[in-house]
Every structure is written in C-alpha cells, then in structure tokens.
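# Understanding the architecture of this molecule
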Amino acid sequence: VDWIIADILAMRQNAIGHVRYVLKDGLKWLPLYGWYFSQHGGVYVKRSAKFNEKEMRAKLQAHVKAEIPMYLVIFPEGTRYNPEIPKVIADSQSFAEKEGLTVLKHVLTPRVKATHVAIDTMKGYLDAVYDVTVAYEGTVDHKGQRKVAPSMTEFLCKECPRVHIFIERIELKDIPEEQMYMRRWLHERFEIKDKLLIEFYDAKDSKRRNKFPGKGVHSKLSLKKTLPSLLFLGGLTASMLLTESGRKLYVKTWIYGTLIGCLWVGIKP
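All figures in this text were calculated on a predicted structure; none of them were measured in a lab.

Time to look at the sheet that holds strand β3 (residues 71-73). Pairing within the open sheet is parallel, and its three strands lie in the order β2-β1-β3. At either margin of the open sheet sits one strand with a lone partner, and together these are β2 (43-45) and β3. Going across the sheet, the axis of each strand differs from the next one's by a mean of 15 degrees, ignoring polarity. With three bridges connecting them, strand β1 (residues 19-24) and β3 associate as parallel partners. What sits directly across from Val 19, in β3, is Tyr 71. Across the sheet, helix α1 (residues 2-11) lies against β1 and β3, angled at about 170 degrees from β1, the strand it touches most.

See the structure below:
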C-alpha cells in the first residue's frame, strides 16, 4: 500500500488529483490501470542499463510546459523491502559495501537515476523535495523480526492498526545537482530513514518502539472528503452490476479496455 500513502497525504492538501508516479515499467501492463496511469501523467521506467533517460525527460518536460501542478512520487529503492525475500536485501547490502556506501538494515540501497533526472528536469518548476518515511504498526512477528508491509486487503481490513509517517521538507538549493554528488546525498537520506526505522522496530526501550521521534500528529480525515467519491464510484459500479446489460458492459469494459490499453502503452509509453 506504499503508493496509497502519497494519496493519503495529497488528500489532506486537497491535491488528490495532482499526484503523478514514477513506476516500474512492468506495471504498464496492469489491466486498465496501466493505461490510466500513463494517461494521467505517470512515468514508466526500466531499471539499470535499460533506463531510458530521454523518454523520462520528455514526459516531465511536457508537464512543466503545461504548467501542471503536481506531487511527483518516486520510490528510489526500485522495489519493495521484503523480509521474506532475503536475497534482494543481501544483494542490496552487498552492492552498498562494494561501492563504499553505508550498509542499510531496514531499507534497500537507493538508485539515483530517476531521482536525478526528475530533479534536474524540473528544478525550475518544483519548489522542494519531501522525504517521506513510512512504517506500519503490527508488522513485527512474535520473535521481534520485521514482517512484510501489509497488502491492500490487510490494510483495508485494519490488520495494520496505524501508519506512521515522518516527513522532512528539503529545499532544492540544498540538493547537489551533479548525479555523482546527488547519489551520495540520496544515500545519506536513506541512512536517516534507516535510523528512524531501527528505532521504530528495534529500540531496546519498548516505549520508543512503534513511533517516530518528535511530537506526533494524529491526522483524521473528514467524511466530506471521502464520502462523495465513495458514493459516486459505489453507485456507478452497483448500477452496472445490478442489471444484466450493465454486467455485460462491465465485463466488456475490462476485457476490451485492457486489450486497447495494453496496445496503447505498447505503442506510446
């Protein structure tokens, strides 16, 4: 549910329609949603040597030219930290050690390419970078070991009692422009994240566990911000599923919409 956190924050700023994501390329084949994210301004990127910098810059420059206000969300780790897949964590730590970087425990070694391209392309348009660290309560097993973050189902069924979010605003002038120096800066930001998460999950003092340092704010969301969307989408879906012709239209939308969407993003990323 990591990407939902960006929406949760944006909704509190009345900016839910202004969130754009940098997404791994494979997600463009998601039924309907792959096409939707592309048309909504999402940027699909491939990893490592296949990363297409020119394509990403072109899409971001189009946003800047159109003067679209937005939150551009990037996950520099490239993939989710999953304690159930220790090889990914071990490879990440091995890479950091090889490169002379601090080995991280609760986050993966960040990749700088997409972050550098985004900041460099939009430096005259963005006003700041927000470093967001997220921790989920209830994700430690009986042995005290960290478990995988909740799935969407677990999150919606309240198996995660609280989400803790630590945010720091960073002025663009404080971020190095050259990729080599930005890489070091980004890793230092992830060192800060790692220390926050070590305290959150592993603090010897139980009173300091399951919380970030500093004074917390319990942020509720009013019904007037969520109920209209729920009623509209729920009513639209229900009205289609309650009739035979509506159900047929619903199924055809998914089938043909998926086929057309996949063809579209395959031709025009």
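Next, the rest of the story.
Bringing the domain arrangement of the protein into the picture now. By the assigned domains, the protein splits into domain 1 (1-220) and domain 2 (222-268). When each unit is reduced to the centre of its C-alpha atoms, the spacing between domain 1 and domain 2 is 28 Å. Taken together, the 13 residues of domain 1 in the interface contact 13 residues of domain 2. Of the roughly 1000 Å² buried between domain 1 and domain 2, counting both surfaces, carbon and sulfur atoms make up 70%.

What follows concerns the layout of surface pockets. Size it by volume and the second largest pocket reaches roughly 250 Å³. Lining the second largest pocket are 13 residues, with Asp 7, Tyr 21, Tyr 36, Phe 37 and His 40 positioned closest to its centre. Listed by contribution, the elements that provide at least two residues to the lining of the second largest pocket are α1, β1 and α2 (33-39). Each residue belonging to the lining of the second largest pocket can be placed in one class, and the counts come to seven nonpolar, four polar and two charged.

Now for a nonpolar patch on the surface. A surface patch of nonpolar side chains, amounting to about 610 Å² of accessible area, comprises Leu 30, Tyr 33, Trp 35, Tyr 36, Trp 254 and Trp 264. Sorting the residues of the nonpolar patch by element identifies α2 and α9 (244-267) as the ones contributing at least two each. Ranked by the residues each element gives to the nonpolar patch, the list is headed by α2, at three residues. In this structure, Trp 35 sits in helix α2.

Conventions we followed
Residues numbered from 1 in each chain as written. Predicted model: local features only at pLDDT ≥ 70, side-chain atom pairs only at ≥ 80, totals over all residues. Heavy atoms only, no water. Pairing = 2+ DSSP bridges. Helix = DSSP H or I, 4+ residues; strand = E, 2+ residues; numbered from the N terminus. Axes fitted to C-alpha atoms, helices over the stretch in contact; angles between N-to-C directions. Contact = heavy atoms within 4.5 Å. Domains from an automatic or database assignment. Buried area = accessible area lost by both parts, 1.4 Å probe. 1 Å grid on protein atoms, 1.4 Å probe; cavity = no way out; pocket = protein on both sides within 12 Å on 5 of 7 lines; lining within 4 Å. Points joined across faces, edges and corners; volume = space filled by probe spheres on them. Nonpolar A, V, L, I, M, F, W, Y, C, P; charged D, E, K, R; others polar. Patch = residues over 30% accessible without salt bridge, like charges linked within 9 Å, V, L, I, M, F, W, Y side chains within 5 Å. Areas by Shrake-Rupley, 256 points an atom, 1.4 Å probe, with all protein chains shown as cover. Salt bridge = Lys/Arg side-chain N within 4 Å of Asp/Glu carboxyl O.

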